[in-house]
Amino acid sequence: MTSIDENNKEKMRSVSVDLNNDASLLIDIPDALCERDKVKFTVHTKTTLSSFQKPEFSVPRQHEDFIWLHDTLVETEDYAGLIIPPAPPKPDFESPREKMHKLGEGEATMTKEEYTKMKQELEAEYLAVFKKTVQVHEVFLQRLSSHPILSKDRNFQIFLEYDQDLSVRRKNAKEMFGGFFKNMVKSADEVLISGIKEVDDFFEQEKTFLLDYYSKIKDSTAKAEKMTRSHKNIADDYIHISATLNSISADDSTATKKHLEKLSDLFEKLRKVEGRVASDQELKLTELLRYYMRDIQAAKDLLYRRARALVDYENSNKALDKARLKSKDIPQAEEHQQQCLQKFDKLSESGKKELTSFKGRRVVAFRKNLIEMAELEIKHAKNNVTLLQGCIDLLKSN
């Protein structure tokens, strides 16, 4: 069982989405409790809006509740022209648990000091995963609260205010297959729609950009994850080097004993710095890239819905031409054509605003996180130099 409090959570701020929170509706997750694969979040809301019954309240929520809220927003026709914030990924603690299990199996091959330090590293990794899980769920709610339209959604208000269990059940096998089939149909539909000639240069440019940008972000995410793993592996290697040097020094009674102890201490300190480097890169870069992979997909979904509306409008024009040719059901065909046109125009108007806002939000987020990461990298590099120089000076003096 793992829990998180407000003080620890402040240290884990990773994904910057330039929320520009309106003080009239502030949401955070000050506390959460992990039990096996389930995380129970405490969603805290503070508001001055009259649509809520109280100015401040907290409710318990689980991951399935967040997915339910996301799905209801995606399925709401009135929001087709909006970028729906990406749903938070399902909590996944399998990797740190598996590592902990392997560590237990290999305990006999390690010294007590090595095992203790490796266990501390894995416990810290587990806690980091837990905290990131809390934060991505919090960011999802804050994105909604900062949106001028989605923040007024009735289901969103129920999610925030209803103080009982929402009783949102997991999807059964039939529903999951239905969702999979729906995605297959959507993918096939996208191929067909891709052949439709775009009538607005803005959306044609956005489509080209997002497809290329998504590919580059995906590639960057994989490389950032590889880089972070390398730093974690180096930190783990330093544990073994430090423990080995310490073990040798314990059996040494010559003048090199102190040198070995100093080197052992150096690698232990370097291990801590390397661990912080890995943690900061994970938070400031890798997590940011992962988040915008999901956010770009949400923007692509908006373009798909608009393209679908364009196809429907063109089909309604053809149907109207046929009706006029046959002099049959003309009023109904004209009405349907007008409805399709209005829907397409509405999606185009709101889509331009959303995509323009998305670009500004993305630039601000990347700029902020990259500056912060560069400052931390410089700080850690200076710490490394100081530790190495200090050790060299100490060895020379001896």
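**Q** Would you take a moment to explain the overall build of the protein chain for this structure?
**A** Counting secondary structure elements, the protein chain contains nine helices and four strands. The N-to-C order of helical and strand elements in the protein chain reads β-α-β-β-β-α-α-α-α-α-α-α-α. Across the 398 residues in the protein chain, those meeting the buried criterion constitute 41%. As displayed, the protein chain has an accessible area near 22,500 Å², and 55% of this comes from carbon and sulfur atoms.

**Q** What should I look at first to understand the packing of helix H7 (residues 201-250) against helix H8 (residues 256-326) in this one?
**A** Angle between the axes and distance between the axes are the two parameters that describe a pair of packed helices. Where H7 contacts H8, the two axes come as close as 7 Å, and the packing angle between them is 165 degrees. Here H8 runs roughly antiparallel to H7, going by the angle between their axes. Every pair of crossing elements has a handedness; the one defined by H7 and H8 is left-handed. Partitioning the contact of H7 with H8 into residue classes produces 28 nonpolar, 12 polar and 14 charged.

**Q** Where do I start with the layout of surface pockets in this structure?
**A** Remark: the empty space left among the atoms is shown by a probe the size of a water molecule rolled over them. Estimated volume of the second largest pocket: approximately 1,500 Å³. Glu125, Ala128, Val129, Lys132 and Lys232 are the residues nearest the centre of the second largest pocket, which is lined by 47 residues in total. Listed by contribution, the elements that provide at least two residues to the lining of the second largest pocket are helix H3 (94-105), helix H4 (112-145), H7, H8 and helix H9 (330-397). Split by residue class, the lining of the second largest pocket holds 16 nonpolar, 10 polar and 21 charged.

**Q** Looking at this structure, I do not really get the pairing of strand S4 (residues 56-61). What am I missing?
**A** A regular strand places its side chains so that they alternate between the two faces of the sheet. Because side chains alternate across S4, one face comprises the buried residues Phe57, Val59 and Arg61, and the other comprises Glu56, Ser58 and Pro60, none of which is buried. Across six bridges, the pairing between strand S3 (residues 38-47) and S4 is antiparallel. In the sheet register, Thr45 faces S4, and the bridge partner there is Phe57.

**Q** Which parts of the structure should I look at to understand helix H5 (residues 154-161)?
**A** Note: α-helices contain 3.6 residues per turn, so residues at a spacing of three or four share the same orientation. Listing the buried residues of H5 in full gives Phe156, Gln157, Phe159, Leu160 and Glu161. Of the surrounding secondary structure, the elements contacted by the buried residues of H5 are strand S2 (25-35), S3, S4, helix H2 (63-75) and H4. Structurally, the start of H5 carries an N-cap: the backbone nitrogen of Asn155 is 2.9 Å from a side-chain oxygen of Asp153.

**Q** Would you mind going over H8 with me for this structure?
**A** Spanning 71 residues, H8 covers 102 Å between terminal C-alpha atoms, matching the ideal 105 Å at 1.5 Å per step. At Glu282, H8 shows its largest kink, close to 40 degrees. Note on H8: the residue one or two positions beyond its end, Ser327, has a positive phi of about 55 degrees.

**Q** Help me understand the nonpolar core, please; the structure alone is not making it clear to me.
**A** For soluble globular proteins, nonpolar side chains are generally found buried alongside one another. Ranked by size, the top nonpolar core spans 30 residues in total, and within it Val43, Phe66, Leu69, Leu141, Phe156, Phe159 and Leu160 carry the most contacts. Elements with a contribution of two residues or more to this core: S2, S3, S4, H2, H4 and H5. With seven residues, H4 is the single largest residue contributor to this core. Sequence-distant contacts of Val43, that is, excluding residues within four places in its chain, are made with Ile27, Asp28, Ile29, Phe57, Ser58, Val59, Arg61, Phe66, Leu141, Phe159 and Leu160. Formed by 24 residues, the second largest nonpolar core is a distinct cluster that contains Ala224, Tyr291, Tyr292 and Leu302.

**Q** Looking at this model, I keep getting lost on the pattern of salt bridges. Mind explaining?
**A** Pairing is possible between side chains of opposite charge, provided their charged atoms come close. Taken as a whole and judged by the stated rule, the model has 17 salt bridges. One salt bridge connects Glu225 with Arg290, and the closest N-O pair in it is separated by 3.0 Å. Residue Glu225 is located in helix H7, and its partner Arg290 is located in helix H8; the two are separated by 65 residues in the primary sequence. Residue classification places Glu225 among the partly exposed positions, given a relative accessible area of 25%. For Arg290, a relative accessible area of 23% puts it in the partly exposed group. Each of Lys132, Glu225, Glu282, Glu287 and Arg290 takes part in one network of salt bridges that share partners.

**Q** What is the right way to look at the packing of aromatic side chains in this model?
**A** Any two aromatic rings considered together are summarised by their centre-to-centre distance and by the angle between their planes. With the rule as written, the count across this model stands at 11 aromatic pairs. Taken together, Phe41, Phe66, Phe140 and Phe159 form an aromatic cluster joined through their ring pairs. Over the aromatic face of Tyr214 sits the side chain of Lys300, whose NZ or CZ is 4.2 Å from the ring centroid. Between Arg306 and the ring centre of Phe203, over which it is positioned, the NZ or CZ distance is 3.7 Å.

**Q** Explain unusual backbone geometry to me, please; I cannot follow it from the model alone.
**A** Leaving glycine aside, a negative phi is the common case for residues, and trans is the common case for peptide bonds. Although it is not a glycine, Ser327 sits at a positive phi angle of roughly 55 degrees. Of note, Ser327 is situated in the loop between H8 and H9. According to the relative accessible area criterion, Ser327 is exposed, its value standing at 59%. For Asp329, which is not glycine, the phi torsion reads 55 degrees and is therefore positive.

**Q** Would you mind going over the confidence of the model for the protein chain with me for this structure?
**A** Interpretation of the predicted coordinates at a detailed level should be avoided for regions scoring low in pLDDT. Taken residue by residue, the protein chain gives an average pLDDT of 85. The fraction at 70 or more is 86%. Looking at the elements of the protein chain, mean pLDDT is at its lowest for helix H1 (residues 6-10), recorded as 48, and at its highest for H5, recorded as 95. Counted against residues more than four places away or in other chains, residues 9-13, with its pLDDT under 50, gives 15 contacts.

Procedures and definitions
Residues numbered from 1 in each chain as written. Predicted model: local features only at pLDDT ≥ 70, side-chain atom pairs only at ≥ 80, totals over all residues. Heavy atoms only, no water. Helix = DSSP H or I, 4+ residues; strand = E, 2+ residues; numbered from the N terminus. Buried < 20%, exposed > 50% of the residue type's maximum accessible area, 1.4 Å probe, protein only. Areas by Shrake-Rupley, 256 points an atom, 1.4 Å probe, with all protein chains shown as cover. Axes fitted to C-alpha atoms, helices over the stretch in contact; angles between N-to-C directions. Parallel < 35°, antiparallel > 145°, perpendicular 65-115°, else oblique. Left-handed = near helix turned anticlockwise from the far one by under 90°. Nonpolar A, V, L, I, M, F, W, Y, C, P; charged D, E, K, R; others polar. 1 Å grid on protein atoms, 1.4 Å probe; cavity = no way out; pocket = protein on both sides within 12 Å on 5 of 7 lines; lining within 4 Å. Points joined across faces, edges and corners; volume = space filled by probe spheres on them. Pairing = 2+ DSSP bridges. Contact = heavy atoms within 4.5 Å. Polar contact = N/O pair within 3.5 Å; in protein donor to acceptor, adjacent residues only side chain to side chain. Expected span 1.5 Å × (residues − 1). Bend = angle between axes of the 7 residues up to and from the residue. Core = buried A, V, L, I, M, F, W, Y, C linked by side-chain atoms within 4.5 Å. Salt bridge = Lys/Arg side-chain N within 4 Å of Asp/Glu carboxyl O. Phe/Tyr/Trp six-rings, centres within 6.5 Å; stacked < 30°, edge-to-face > 60°. Lys NZ or Arg CZ within 6 Å of the ring centre and 35° of its normal. pLDDT = per-residue confidence, 0-100.

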